[in-house]
Amino acid sequence: MSSEEIHLTSKEILEKDFKTSMRGYNQEEVDEYLDLIIQDYDKFQQEIERLQHENDRLKRMSSRETAPRQRQNGTGNHQVNYDILKRVSNLEKAVFGKKYAD
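Presented here is a report on the structure given in the accompanying data block.

### Examining the overall build of the chain
Along the chain, the regular secondary structure elements total three helices and zero strands. For the chain, the sequential pattern of α-helices and β-strands runs α-α-α. Counting every atom, the chain has about 10000 Å² of accessible surface; 53% of that belongs to carbon and sulfur.

### Remarks on the side chain of Ser10
If you trace the backbone, Ser10 turns up in helix α1 (residues 10-15). Engagement of the side chain of Ser10 in a polar contact is seen with the side chain of Asp42, the distance being 2.9 Å.

### A look at a negative patch on the surface
Side chains of Glu12, Glu15, Asp17, Glu28, Glu29, Asp31, Glu32 and Asp35 sit close together on the surface and give a patch of like negative charge. Mapped by element, the contributors of at least two residues to the negative patch are α1 and α2 (27-96). Ranked by the residues each element gives to the negative patch, the list is headed by α2, at five residues. As for its placement among the helices and strands, Asp35 is situated in helix α2. Taking relative accessible area as the criterion, Asp35 reaches 38% and is therefore assigned partly exposed.

### What to know about the environment of Ile37
Looking at the secondary structure, you find Ile37 in helix α2. Residue class for Ile37 comes out partly exposed when judged on its relative accessible area of 31%. Sequence-wise, Ile37 and Ile13 are 24 residues apart; in three dimensions their C-alpha atoms are separated by 8.2 Å.

### Points about the layout of surface pockets
Each pocket or cavity is described by its volume, and for the largest pocket that value is around 250 Å³. Asp17, Phe18, Gln27, Val30 and Asp31 are, among the 15 residues lining the largest pocket, the residues nearest its centre. By residue number, the principal contributor to the lining of the largest pocket is α2, which donates five residues. Residue composition of the lining of the largest pocket, by class: six nonpolar, four polar and five charged.

### Observations regarding the pattern of salt bridges
Taken as a whole and judged by the stated rule, the model has two salt bridges. For Glu47, the salt bridge goes to Arg50, with nearest N and O atoms at 2.7 Å. Taken together, the residues span about one helical turn, with Glu47 and Arg50 both in helix α2 at a distance of three residues. With a shortest N-O distance of 3.1 Å, Arg50 and Glu54 are connected by a salt bridge.

Here is what the cut-offs are and how they apply
Residues numbered from 1 in each chain as written. Predicted model: local features only at pLDDT ≥ 70, side-chain atom pairs only at ≥ 80, totals over all residues. Heavy atoms only, no water. Helix = DSSP H or I, 4+ residues; strand = E, 2+ residues; numbered from the N terminus. Areas by Shrake-Rupley, 256 points an atom, 1.4 Å probe, with all protein chains shown as cover. Polar contact = N/O pair within 3.5 Å; in protein donor to acceptor, adjacent residues only side chain to side chain. Patch = residues over 30% accessible without salt bridge, like charges linked within 9 Å, V, L, I, M, F, W, Y side chains within 5 Å. Salt bridge = Lys/Arg side-chain N within 4 Å of Asp/Glu carboxyl O. Lys, Arg positive; Asp, Glu negative; His and termini not counted. Charge placed at Lys NZ, Arg CZ, Asp CG, Glu CD. Buried < 20%, exposed > 50% of the residue type's maximum accessible area, 1.4 Å probe, protein only. 1 Å grid on protein atoms, 1.4 Å probe; cavity = no way out; pocket = protein on both sides within 12 Å on 5 of 7 lines; lining within 4 Å. Points joined across faces, edges and corners; volume = space filled by probe spheres on them. Nonpolar A, V, L, I, M, F, W, Y, C, P; charged D, E, K, R; others polar.

Here it is in structure tokens:
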């Protein structure tokens, strides 16, 4: 949710004054309802901030865990290649004899 989508802040809701008319709403009832809206609004804003922080933390953890795996795979691959070359060399020696090894 970007700040462009948010039309009101809790402070703007609190400071909103409604015009009164002869057959208007009960001002105390409107004020009580707006107080509830402000409380919910503040809770939602806190939850959004908490989730954004958690999201950032999880992204950092994920990137830290991915990097060592990539390094291990690269190093492990070199070891596997070395083992395969060693086995091929031993097979050549067994098949072609000691002359080929020299």
